[in-house]
Amino acid sequence: MPDDQPPPQPPLVTRPRHDDGQGAVVAERKTAKVEPPRMYQVVMLNDDYTPMEFVVLVLQEYFKRDLETATQIMLKIHHDGRGVCGVYSKDVAATKVELVLAAARRGGHPLQCIMEAA
Ligand code: TYC
């Protein structure tokens, strides 16, 4: 299903109901199935220039990680090339990416951050 589309409506069914003696027919819609919202992981990418301390600060500030967890995530990114900072609804993930990129720009670092469907 494309991402921004509302979920498809179930078909309208018409069936006779409450015979009121006048031949009334009531159209009803079966209860729509509600899907849980899609979630998105915010992924940070490694580079050779952004200081490790800056990445740890970003993980603490924008992803609410404690120092130890932030350090582990930073080292994972450093070694594997990428790492998940957190998983959020679409709007929250997009905002986090913007905030991280803005902070990196302000600091003059090439840090890259993306979001991916979880
Ligand atoms: N590789 C960087 C360094 O050695 C550290 C780093 C970690 C950069 C994670 C980006 O997302 C990143 N200074």
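Preceding this paragraph is the structure being described.
Conventions and cut-offs
Residues numbered from 1 in each chain as written. Predicted model: local features only at pLDDT ≥ 70, side-chain atom pairs only at ≥ 80, totals over all residues. Heavy atoms only, no water. Helix = DSSP H or I, 4+ residues; strand = E, 2+ residues; numbered from the N terminus. Buried < 20%, exposed > 50% of the residue type's maximum accessible area, 1.4 Å probe, protein only. Contact = heavy atoms within 4.5 Å. Areas by Shrake-Rupley, 256 points an atom, 1.4 Å probe, with all protein chains shown as cover. Patch = residues over 30% accessible without salt bridge, like charges linked within 9 Å, V, L, I, M, F, W, Y side chains within 5 Å. Salt bridge = Lys/Arg side-chain N within 4 Å of Asp/Glu carboxyl O. Pairing = 2+ DSSP bridges. Axes fitted to C-alpha atoms, helices over the stretch in contact; angles between N-to-C directions. Near = heavy atom within 4 Å. Polar contact = N/O pair within 3.5 Å; in protein donor to acceptor, adjacent residues only side chain to side chain. Nonpolar A, V, L, I, M, F, W, Y, C, P; charged D, E, K, R; others polar. Lys, Arg positive; Asp, Glu negative; His and termini not counted.

## Looking at the overall build of the protein chain
Assigned secondary structure in the protein chain consists of three helices and five strands. Each helix and strand of the protein chain, ordered N terminal to C terminal, gives the series β-β-β-α-α-β-α-β. In the protein chain, buried positions account for 27% of the 118 residues. Counting only contacts in the protein chain whose residues sit at least 6 apart along the sequence, the fraction spanning at least 24 positions is 60%. When the accessible surface of the protein chain is totalled, it reaches about 8300 Å², and 55% of it is carbon and sulfur.

## Considering unusual backbone geometry
One non-glycine residue with positive phi stands out, namely Lys64, at about 55°. Tracing the sequence through the fold places Lys64 in the loop between α1 (52-63) and α2 (67-80).

## Some remarks on a nonpolar patch on the surface
Together, Met39, Val84 and Val87 make up an exposed nonpolar region whose accessible area comes to about 210 Å². Along the chain, the position of Met39 falls in strand β3 (residues 39-45).

## Some remarks on the sheet that holds strand β4 (residues 82-89)
Each strand in a sheet pairs with another by means of backbone hydrogen bonds, the pair being arranged parallel or else antiparallel. Read from one edge to the other, the open sheet built from three strands follows the order β4-β3-β5, with strand pairing classed as antiparallel. Edge strands, defined here as strands with exactly one partner in the open sheet, are β4 and β5 (112-117). Adjacent strand axes in the sheet meet at a mean angle of 25°, parallel and antiparallel pairs treated alike. By the bridge criterion, six bridges tie β3 to β5 in an arrangement that is antiparallel. The partner of Val43 across the bridge, within β5, is Ile114.

## What about the site of the ligand?
Neighbouring residues of the ligand: Met44, Leu45, Asn46, Asp47, Thr50, Met52, Val55, Ile77, His78 and Leu111. For the ligand, an oxygen atom lies 2.7 Å from a polar atom in the backbone of Leu45. In the complex, the protein chains occlude 89% of the 350 Å² of accessible area that the ligand would expose alone. When residues of the shell around the ligand are traced back to their parent elements, those giving at least two are β3, α1 and α2. Class assignment for the residues of the shell around the ligand results in six nonpolar, three polar and one charged.

## Regarding the side chain of Asp47
By the secondary structure assignment, Asp47 is in the loop between β3 and α1. As a buried residue without a salt bridge, Asp47 has its nearest oppositely charged side chain in Arg105, at a separation of 13 Å. Within polar-contact distance, the side chain of Asp47 engages the backbone nitrogen of Tyr49 at 2.7 Å. For Asp47, the side chain forms a polar contact with the main-chain nitrogen of Thr50, separated by 2.6 Å. If sequence neighbours within four positions are ignored, Asp47 has contacts with Pro110 and Leu111.

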